[in-house]
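Architecture at a glance
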Amino acid sequence: YPHSLQFYLEPPTESISLVEFESFAIDRLKLLKVVENLGVSYVRTTDSYKTKLEAELRKLKFPYRALAEDDYEARRKDHISHFILRLAYCQSEDLRRWFLQQEMDLFRYRFKELTGSLMQKFLEHINLPFEAIGEDLKNELANELCASTPGFSMPKVKEQMFYKVGLADAVDLFRARRVFIKDGFAYVPFKEIDVIVLNNYRTKLSKALALTARSLPSIQSDERLQPLLSHLSHSYVGPDYSVQKNTGKISLEQIDALSVKSFPLCMRQLHRALRDSHHLRHGGRMQYGLFLKGIGLTLEQALEFWKKEFIRGKVDADKFDKGYAYSIRHSYGKEGKRTDYTPYSCMKIIMSNPPSQGDYHGCPFRHSDPELLKQKLQSYKIPPSGITQILELVKGMHYQLACQKYFELTHDVDDIGFSLNHPNQYFTESQKLLNGGRELKKEFSNSGNFQQKNNSQEGINSSSAPTSSNETADTELEGLEAYFTED
């Protein structure tokens, strides 16, 4: 690895263990999710953006200093992890678009951190045939270069290096009227060369993702890799909010009030639909039931909650006990294969099982019509300026960031200070904020047992466990969904 930066043109050829495979991939996914959040929360040229991203690169042991001589392991990890996620994120247009955008932003930051001499070496390394113009030609074109390049005075033109670049490579600069054109060539100042390099990188990575997608069938036949890759593309890399950490924290009487002030929009929507129609179809019951389990409902509370609501509709007590009760016990790991299911992460909700007509599950920012979403936000008294911000984020496909903005607006804070990845994380952070930094106080459960459990939200970090609990649950999920198919 002659450089800390690369175009990832050659795939790695060495053998690595499955544990290292998953660990590298999860670390890069964490990094790309930080890149996604910072890209919307901060202007990319600011010191805040650079400081936070460098800190993350250091923490996850990726290359961050171009001059580092002893970062072979970091460069190796960077190379291998990129190709693993390329395999995971080539599987659909949405995944490819997300991966491309985050990798572009990461590359832009790292390229801009290079010194002038290292940048020149890198351009030679990636074989971009950009020719620096001589002093004679620069003096001859000085007036035109000064007039055509925004922010350049004559002294600046004299000191700046210019490159003669084919017009096709400089089309973005040409479109923005930021470059001098002559005889089919653009004369690009050194400080703008990153635009050219990024376009080149985007083209190469976009083609590579398309080619990788074509080779997927051969990878999908590998029983070791396919579950890992599938899980990565739907992956959430944080605490799993399993019930053992939260049981006994709330009473059933609190749920209506909590749904208004501390539920994310997806769960607030499901709760309202359940109260209005006294029924949810299987996708909604799965998503909402596991969320309630995660915020602390015991099995006994869950059975009581769903039964009370369903018998207010068209389901009698006998039918509930024979059908629906089994599926609730199943989700708590008390039936079937005894899998203790964990609540759905944002990524899982966004990327799998989209709602159809009559369904209320899914992510409202991802799956709702923008006009209906706007009406819903208006009904929740979100100010017009806030609604505009949310809809802009939705338009840019930043669904989790739209949810973060919704959190900020409903809690009257300017910056929530964390990256939102999970509905139960939303609930926990909301409760901390509303209770002055404290967790929600534990309540007696309806069965009368006061349950003392560990409050800590520190889940097992996926990178230290080859198989995360979410992954295990995913492999078992089909069995559970079979019990929820009755409407």
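For every chain, the first residue of the written sequence is number 1, and numbering continues from 1 onward in sequence order. Restriction of local features to residues with pLDDT of at least 70 applies here, the model being predicted, together with a cutoff of 80 or more for giving and counting side-chain atom pairs; totals for whole chains, interfaces and linings are based on all residues. With hydrogens and water set aside, each side-chain value is computed from the structure's full complement of heavy atoms.

**Notes on the overall build of the protein**
Strands here mean DSSP runs of E at least two residues long; helices mean DSSP runs of H or I at least four residues long; both are numbered from the N terminus. When helices and strands are counted, the protein shows 24 helices and 4 strands. Computed with the Shrake-Rupley method and a 1.4 Å probe, the accessible areas treat only the protein chains shown as cover for residues. Accessible area of the protein: about 23000 Å², with a carbon and sulfur share of 50%.

**Section: the sheet that holds strand E4 (residues 185–189)**
In spatial order, the strands read E1-E2-E4-E3; together these 4 strands make up an open sheet with antiparallel pairing. Across the chains shown, the open sheet's two edge strands, defined by having one partner strand only, are strand E1 (131–132) and strand E3 (180–182). The criterion for strand pairing is that DSSP finds at least two bridges linking the strands in question.

**Notes on the UniProt feature "binding site: [4Fe-4S] cluster" (unreviewed entry) in the protein**
Feature annotation in UniProt assigns "binding site: [4Fe-4S] cluster" (unreviewed entry) to the following positions: Cys266, Cys346, Cys363 and Cys403. With the annotated positions falling across 138 residues, the maximum pairwise C-alpha distance of 9.8 Å places them together in a single cluster. Tracing the sequence through the fold places Cys266 in helix H14 (residues 265–277). In what follows, residue pairs with any heavy atoms lying within 4.5 Å of each other are defined as contacts. Residues within four places of Cys266 in sequence aside, it is in contact with Gln287, Gly362, Pro364 and Pro423. Examined against the element boundaries, Cys346 turns out to sit in helix H18 (residues 346–351). With residues up to four places along the chain from it excluded, the contact list for Cys346 reads Gln400, Asn421, His422 and Pro423. UniProt positions are given in the numbering used here, feature names are shortened, and annotations may be inferred rather than shown by experiment.

**Thoughts on the pairing of E4**
Put simply, side chains in a regular strand alternate between the two faces of the sheet. Burial analysis of E4 places 4 of its 5 residues in the buried class, the great majority of the element. As judged from the 5 bridges shared by strand E2 (residues 162–166) and E4, these two strands associate in the antiparallel manner. Residue pairing across strands places Lys164 opposite Tyr187, the latter belonging to E4. Note: E3 against E4, 3 bridges, orientation antiparallel. Bridging across to E4, Ile181 finds its partner in Ala186. When accessible area is computed with a 1.4 Å probe and restricted to protein chains, residues below 20% of their type maximum are described as buried, those above 50% as exposed, and intermediate ones as partly exposed.

**A closer look at helix H12 (residues 225–233)**
Residue pairs three or four apart in sequence face the same way in an α-helix, which turns once every 3.6 residues. In terms of burial, H12 is a largely internal element, 7 of the 9 residues being buried. When H12 is considered as a whole, its buried residues turn out to be Leu225, Gln226, Leu228, Leu229, His231, Leu232 and Ser233.

**A closer look at helix H16 (residues 299–310)**
End to end, H16 covers 16 Å across 12 residues, agreeing with the expected 16 Å (1.5 Å per residue, within 8%). Looking only at H16, the buried set comprises Leu299, Gln301, Ala302, Phe305, Trp306, Glu309 and Phe310. Projected down its long axis, H16 carries its buried residues within an arc of 160°, all on one side. Residues of H16 that are buried sit in contact with helix H13 (255–261), H14, helix H15 (282–295) and helix H17 (317–331). Multiply 1.5 Å by the residue count of a helix minus one, and that product is the helix's expected span. Think of it as the arc spanned by the lines of direction from the helix axis to the C-beta atoms.

**Regarding the packing of aromatic side chains**
Working definition: a ring pair exists when centres of Phe, Tyr or Trp rings (six-membered ring for Trp) sit within 6.5 Å. Plane angles under 30 degrees give stacked, over 60 give edge-to-face, the rest tilted. For the coordinates displayed, the defined rule picks out 27 aromatic pairs. Relative to Tyr324, the ring of Phe310 has its centre 5.0 Å away and its plane inclined at 70°; by these criteria the two rings are edge-to-face. With Phe310 in helix H16 and Tyr324 in helix H17, the pair connects residues that are 14 residues apart, well separated along the chain. Across the pair, exposure class does not vary: Phe310 and Tyr324 are buried alike. Each ring is checked for a lysine NZ or an arginine CZ that lies within 6 Å of its centre and within 35 degrees of its normal; such an atom marks a charge sitting over the ring. The residue whose ring lies beneath Lys164 is Phe185, and the NZ or CZ to ring-centre distance is 4.6 Å. Stacked on the ring of Tyr332, the Lys or Arg Lys293 has its end atom at 5.2 Å from the ring centre.

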